[in-house]
Amino acid sequence: MASISSLKNPPIHGLPTPEPDSPSLQRPRQPYRFSTLCATVDSPDADLKDQHGSSSVPIYQSATFKGVGNRYDYTRSGNPTRSHLEHHIAKISSAVHAFTVSSGMAALDVITRLLKPGSEVIAGDDLYGGTNRLLTYLRTHMGVTVHHVDTTNAESVIPFLHPGKTSMVLLESPTNPLLKIVDIARISALVKERCEDAIIVVDNTMMSPYLQRPLEHGADIVYDSATKYLSGHHDLMAGVITCNRDDIAKEMAFIINSVGNALSPFDSFLLLRGTKTLAIRMDRQQSTAMLVAQMLSKLGFVTHYPGLPNHPGKEIHDRISDGYGAVLSFETGDKELSERIVAATRLWGISVSFGCVNSLISMPCVMSHASIDPAVRAARGLPEDLIRLCVGIEDPADLLDDLRHALIDAGAITFAANDYVRIPNPISRAVEKLALGEARTAPPRETREWFVSAPGKVILFGEHAVVHGVTAVAASIDLRCYGLTSPRYDNKISVHFVDINDYKHEWDIDDLPWDVVVPIPKGEEHPDNLDIRVIDAIKARALPHESKMPPKTHAAALAFLYLYMMMTFSGHRPAFHFVCRSTLPIGAGLGSSASFSVCVATALLILHRRIELPQVPPPTRGPAAPGDPGHVHVPHGGRRAIPPEIAEDANRWAFISEKVLHGNPSGVDNSVAVFGGALAYVRPGFGKRSGMDAIAGFRSLRFLLVDTKIPRDTKALVAGVARKKALEPEFVGQLLDAIQTISHEARRALADPEVPREVLLSGLAALIDENHAHLVSLGVSHPALEEIREKTAAHPYRLSTKLTGAGGGGCAVTLIPDDFSDEALQQLIAALEEDGYRAYVTAVGGSGLGILSPYDPIAVDPQDDVSPPLSPPMTPSPEEAEEPRPSIRRRFEGVNVGELSQWALDRGKWLYV
């Protein structure tokens, strides 16, 4: 394109170019490019060269010229300044003849005077308002028949081509204001085949000669409102006509001289000056126009701009033009909203016209196209809410910022999830509700408790190296986080984080900062970025300062509230109490925050009715009648009972929670917590296939996890490896390559069911030792981790141990062979705990997200409550009175952590991913 795109080289025009004066230059010059042609004004002939050698063409501000039989005698018929201008316009338009008149409409008036009574004209159905006015006058007063057709479909002109009658075909491309594209070349060919005497006229104002030259595509006459781009400053009125046919040129010259609408000398001077900067102005204007169009399209507005990939005429436009222009339009769906947007702009001046160095905004249906009957506008598909933008040369950032502010002030968009998002139009939303059959009453009151759980994770191979593009191998562990929701009926939500300083808090739902929230509609995904406004509002208005809360509780409560508010839609705000417990050590690098995030996300998805669990499959039954084969239900113990779409939804929202907690997580931890098993992960951005792949066929392994109880500074450890890599790139590169080899070896072994169990275990043990050695070389181990490694490797254990996660403390992971005796294991655990460490025996590669089946009653203990937690106590209305359901909340909050896993399993049938 001519400016913003490199899809095409700048057009080279085969127009006369001065040969070099110096004979020493043997190689002939190449034809000048367009911008050079614009800036270079030469004389039509030797007689018109200025005798003083002026750099700028003089203004011959004279009505008459002395003498008899000279070239000029009366400025209405000819003027030297105008002659220079017309020669210049012809040069840059690929034309033989050019005429300049007092306005763009004057140019069209001259052209239509070629018609005679009884002539037929074919014109587009999306034309400039002034063009419609003139055609209406000709049809009403001059006996000219006008057919308006959809010229975006070239074949639509065929039924109206009548040899001997069709005198003119009037086209615009792109059209104004809907930016429809007309195949000028195709229509020109069709017309010439059937009506060879018909004149093809193109209004090229939207493009200017810089971006489109219709004479090159079969047009007979081209005209521009030179008030627009050719002048560029809106300080004059002018029209330009170009053509290549001598007969047509002779007729139009006669008309111009007869009616006396030729351009004045002073305006000719101004227009000549304006054309010199045409190319550079349009380069800036259309590059900014593309940014504006992309912004509006991304926000969800119907945007009309031929540069957008989804524009229906883009392929044709690319073929006949060298750029996309600087005019675009968009629809809001509401005329009053459009009026507010237009009124709210500051840099965008409210005005008709376009092509100026200053940006303009308008509503065509109440301004430039107001003269068209509303019924006709509707029939031609011209939306009343349409806004037209004409982009100038201001700084793009300022124009975008001004337009965003206008959209915000008008209520069209808001700032959410750290980005600008469109606010659904109330009328459109009402129609959408009807279409979707959304309930117009509050959903039924929640009466049951929901019990969910998710596993922790262990990085088996590739930690730290994963930051630099190396594959990490991670797996779930059977230490889990659990979440329980109990209904409330007092318009409050509350949390109890038992394992994080036994923290409790409750909120009145109506007091939360809803004014800054743009919830994510059901079925749509959260944007990539968090909504910082919501985050800040929760911190400022819903939570105490972080310094006044126990460690880790502020982040957990923030993540909980953020997900709760962003998931709310259609006015449904569930009231409930959420209790969270974990058998995982908190902050030890075993994915405790990710399993917490998965529990919160899943519970909220259920309570907000954003997901629905699958129905219970029909039970096994025998034949009920002749020909009935019956049915066999294959028990699966709850495995794979949660379908992938629910798991993926939970994973996406859990990742959002992880962003609240950690800023820029990899996504490994929450993925393992949702899907369970084992997976291989490659971070994006390293020129190779990225993402997560499940390791199919993974067989469960036993590990000893040892918590050093030493806090880690993950960010500092990661930064330390990055510094080491910058200082010793070759050494660290070799380490990363070695770790990549380990990850590949481990992944292949874990996924291969043909590898004998003893070979697999011995191979993994060797890879664990090798991986840890490289991590030590990277500087991320810790004396406590080395002490654990030494103890587990000593006689009589001979076990392989490595750090897991960020290192620098945290946890060590030790592979336990199948034949390792329970007596030796308990002896090792006792020795480690005697040294002050905490040890956990866990299986690796088990189930992921779990939800206690809602289709069976929850198993309750005799000491369980018979009412859910309420503050103040529940006082239901008579119509809501029902038998209270037993609640497992009190028991869940108090059960010993060593008994928690078995107690949870005993509550009923669990459904897993």
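Analysis parameters
- Residues numbered from 1 in each chain as written.
- Predicted model: local features only at pLDDT ≥ 70, side-chain atom pairs only at ≥ 80, totals over all residues.
- Heavy atoms only, no water.
- Helix = DSSP H or I, 4+ residues; strand = E, 2+ residues; numbered from the N terminus.
- Buried < 20%, exposed > 50% of the residue type's maximum accessible area, 1.4 Å probe, protein only.
- Contact = heavy atoms within 4.5 Å.
- Areas by Shrake-Rupley, 256 points an atom, 1.4 Å probe, with all protein chains shown as cover.
- Pairing = 2+ DSSP bridges.
- Right-handed = clockwise from strand over helix to strand, strands pointing away.
- Expected span 1.5 Å × (residues − 1).

1. Re the overall build of the protein
Looking only at helices and strands, one finds 26 helices and 27 strands in the protein. With 913 residues in all, the protein has 53% of them scored as buried. Long-range contacts, defined as pairs at least 24 residues apart, comprise 75% of the intrachain contacts of the protein with a sequence gap of at least 6. Counting only carbon and sulfur atoms, one obtains 53% of the accessible surface of the protein, whose full area is about 40,000 Å².

2. Some points on the environment of Leu299
Residue placement: Leu299 occurs in helix H9 (residues 278-299). In this structure Leu299 comes out as buried when scored by relative accessible area, which is 9%. Not counting residues within four places of it along the chain, the set of residues in contact with Leu299 comprises Leu407, Ile413, Tyr420, Val421 and Arg422.

3. Here's the deal with the pairing of strand S5 (residues 199-203)
With five of its five residues buried, S5 lies for the most part within the structure. Pairing between strand S4 (residues 166-172) and S5: five bridges, direction parallel. Across the sheet, residue Glu172 finds its bridge partner in S5, namely Asp203. In the classification by handedness, the crossover that spans S4, the intervening helix H5 (residues 184-194) and the parallel S5 is right-handed. Where S5 and strand S6 (residues 221-225) come together, three bridges link them in parallel fashion. By the bridge assignment, Val201 is partnered in S6 with Ile221.

4. Considering helix H4 (residues 129-141)
The end-to-end C-alpha separation of H4 is 18 Å, in line with the 18 Å expected for 13 residues at 1.5 Å each. What H4 keeps buried is the set Gly129, Gly130, Thr131, Asn132, Leu134, Leu135 and Leu138. Phi for Gly143, located one or two positions after H4, is positive at around 70 degrees.

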